[in-house]
Amino acid sequence: MAYKIMLVAAEASGDVLGANLAKALKDRLGDQVRFVGVGGPRMAEMGIHSPFDIAELSILGVVEGIKAYKRVKQRVADTAALAEREKPDAVILIDSWGFTIRSAKAIRKVLPQAALIKYVGPQVWASRPGRAKTLANAVDHLLALYPMDAPWFERAGLSTTVVGSSALHIDMSDADGDLFRSQRGIAADAPLLLVMPGSRPKEIERMTPVYEKTVQNLKASIPDLQVAVVAAGTVAADVTGRVASWPFRVHVVTEADKYAAMKAADVALATSGTVSTEIAMAGTPMVISYKIDNVSYRLMKPLVTAKYFTMLNLAADEEVAREFIQFDATAEKITPEVLRLLTDKQAANAQAKRQTEVLEIMGRGGPNPSELAADAVLAVMEKRKA
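The rules behind these values
Residues numbered from 1 in each chain as written. Predicted model: local features only at pLDDT ≥ 70, side-chain atom pairs only at ≥ 80, totals over all residues. Heavy atoms only, no water. Pairing = 2+ DSSP bridges. Helix = DSSP H or I, 4+ residues; strand = E, 2+ residues; numbered from the N terminus. Axes fitted to C-alpha atoms, helices over the stretch in contact; angles between N-to-C directions. Contact = heavy atoms within 4.5 Å. Expected span 1.5 Å × (residues − 1). Buried < 20%, exposed > 50% of the residue type's maximum accessible area, 1.4 Å probe, protein only. Core = buried A, V, L, I, M, F, W, Y, C linked by side-chain atoms within 4.5 Å. 1 Å grid on protein atoms, 1.4 Å probe; cavity = no way out; pocket = protein on both sides within 12 Å on 5 of 7 lines; lining within 4 Å. Points joined across faces, edges and corners; volume = space filled by probe spheres on them. Parallel < 35°, antiparallel > 145°, perpendicular 65-115°, else oblique. Nonpolar A, V, L, I, M, F, W, Y, C, P; charged D, E, K, R; others polar. Polar contact = N/O pair within 3.5 Å; in protein donor to acceptor, adjacent residues only side chain to side chain. Right-handed = clockwise from strand over helix to strand, strands pointing away.

Peer 1: How would you explain the sheet that holds strand β2 (residues 33-38) if you had to name every residue and give the values?
Peer 2: Strand order in the open sheet made by the 6 strands is β2-β1-β3-β4-β5-β6, with parallel pairing throughout. The open sheet has two free edges, formed respectively by β2 and β6 (160-162), since each of these has just one partner strand. Direction aside, neighbouring strands of the sheet carry axes that sit 20° apart on average. On the sheet, helix α17 (residues 369-385) packs against β1 (3-9), β3 (90-94), β4 (115-119), β5 (141-144) and β6 and is oriented at approximately 160° with respect to β4.

And the structure:
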């Protein structure tokens, strides 16, 4: 039986999930599956050509969301129109809560017979638990990343499959930290800080000035400190342009070399996101920071019930990696913690060891998430057709 499957991703991380899922489905179905959808460059490699650039949907905070409302509304309409035209058997909506929940509702209206599957649910255990019921009313099934997700959505009546996080299954066997250093003329014993400012334009805009000042402070104490900055694919030009004006040498790292950079670094300073799990997988101690616009933060803070911002810390129920969020996201507050890890090897090693232990709690080493997700998608489609 031939299938047509539509995948919808609105951000870089979702683009990767979509590409990996498409590959797993293709491995199972071969020529019996055709893909359409909305995504980025990784999904395009799988033959999924988006009708618009998903970079314009990278939105952070309430204020930014309000400003982008008309644009998002139009892209939701474009997504629903694609579904109506292509008539897929299933639509998989990946992460990006605001855009994908609107898209799910719009697609349901024009294509009621299709199976609607959400891949990555909203973090209802952290804030706004009512979203579980909203999602249950909009889609047929959820592919969740963590075991703690399932009870929240199942109580709302949404069947859920826990597939795990792809970040816990990254193969870093070819990532060579020593080679990374030698290729860039960084001595084996030179202190190296890896800065990962984010993958969204607003993250880069807000966080790079903080990180620049932090590095300046650190260099006052460690003059020979080497600095590498990851320029993620979607914001590479922006990051490269900004760090070019920093008053010290920076090794700009492409997406392809980021795992080697993680292994090479003594400490990582990162904007919160999936990258924190990747850094832990590399065995590197880290410091996490994040901020959005102040109005959005004040509006959202009363709705947040989670103690921590970073998944690693949430899983451990302790602040394994220090977090500096919003008003604490300043160079003055971040610098002492990064300096401590750079200068106290015992503390750095202890944190890296604890990070590794927490990865086991999170499910490292389990079945491949994309494979489990593919199996679940096929099961949902068969059930829907029956």
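Read on, since the account is not over.
Peer 1: Tell me about helix α15 (residues 331-343), and name the residues and values.
Peer 2: Under the 1.5 Å per step criterion, the end-to-end length of α15 is 18 Å for 13 residues, consistent within 8% with the ideal 18 Å. Of the positions making up α15, those classed as buried are A331, I334, T335, E337, V338, L341 and L342.

Peer 1: An account of the nonpolar core is needed here, citing residue identities and associated values.
Peer 2: As a rule of thumb, nonpolar side chains are buried together in soluble globular proteins. Judged by nonpolar contacts, the single largest core of 73 residues is most densely connected at I5 and Y119. Once you skip the residues sitting within four places of it in the chain, I5 turns out to touch L25, V33, R34, F35, V36, P88, A90, I92, V377 and M381. Of all hydrophobic cores here, the second largest spans 34 residues; its members include A106, I107, L116 and L142.

Peer 1: Go over the sheet that holds strand β9 (residues 251-253) with me, naming the residues and quoting the values.
Peer 2: Ordered by their spatial adjacency, 6 strands build an open sheet running β9-β8-β7-β10-β11-β12, and the pairing between neighbours is parallel. The sheet terminates laterally at β9 and β12 (323-325), the two strands that pair on one side only. Direction aside, the axes of adjacent strands within the sheet are offset by 20° on average. Of the pairings in the sheet, the one linking strand β7 (residues 192-196) to strand β8 (residues 226-230) comprises 4 bridges and is parallel in character. Residue L194 lies in a different strand from β8, and its bridge partner there is A228. α15 rests against β7, β10 (267-271), β11 (286-290) and β12 of the sheet, and its axis sits at about 165° to β11.

Peer 1: Pulling in residues and values, what's your account of the layout of surface pockets?
Peer 2: Here the second largest pocket defines a volume of roughly 180 Å³. Taken together, Y69, V72, K73, V76, A77, R102, K105, A106 and K109 make up the full set of residues lining the second largest pocket. Residue assignment for the lining of the second largest pocket shows that the elements contributing at least two residues are α4 (69-86) and α5 (97-110). Element by element, the count of residues in the lining of the second largest pocket is highest for α4, at 5 residues.

Peer 1: So what's going on with the packing of α15 against helix α16 (residues 345-362)? Which residues, and what values?
Peer 2: The contact between α15 and α16 brings their axes to 5 Å, and the two run at 100°. In terms of orientation, α15 and α16 fall into the roughly perpendicular class. Residues E337, R340, L341, L342 and T343 of α15 touch α16, and the partners they reach there are K345, A347, A348 and Q351. Residues belonging to the contact of α15 with α16 are distributed by class as follows: 4 nonpolar, 2 polar and 3 charged.

Peer 1: Provide a residue-level description of the environment of R364, including the pertinent values.
Peer 2: For R364, the position within the fold is in the loop between α16 and α17. A relative accessible area of 28% places R364 in the partly exposed class. Taking the C-alpha atoms as reference points, R364 and E212, 152 residues apart in sequence, are found 33 Å from one another. If we skip the residues at most four places from it in the chain, R364 touches L168, M281, T356 and L359. A distance of 2.8 Å separates a polar atom in the side chain of R364 from a polar atom in the side chain of E360.

Peer 1: Which residues make up the pairing of β7, and what are the values?
Peer 2: Successive residues of a regular strand alternate their side chains across the two faces of the sheet. Among the 5 residues that make up β7, 5 are buried, leaving the element largely enclosed by the rest of the structure. Both faces of β7 are covered, namely the face carrying L192, L194 and M196 and the face carrying L193 and V195. For the segment spanning β7, helix α9 (residues 201-221) and β8, crossover handedness is right-handed. Note: β7 against β10, 4 bridges, orientation parallel. Counted as the bridge partner of V195 is L269 from β10.

Peer 1: Can you lay out the environment of I101 for me, pointing to particular residues and giving the numbers?
Peer 2: Inspection of the secondary structure assignment puts I101 in helix α5. Overall, I101 belongs to the buried group, its relative accessible area being 7%. Sequence-distant contacts of I101, defined by excluding residues within four places in its chain, comprise T134, L135 and A138.

Peer 1: An account of unusual backbone geometry is needed here, citing residue identities and associated values.
Peer 2: Despite not being glycine, D95 has its phi angle at roughly 50°, a positive value. In this structure, D95 sits in the loop between β3 and α5. According to the relative accessible area criterion, D95 is partly exposed, its value standing at 27%. The backbone of Q326 shows a phi angle near 55°, a positive value even though the residue is not glycine.

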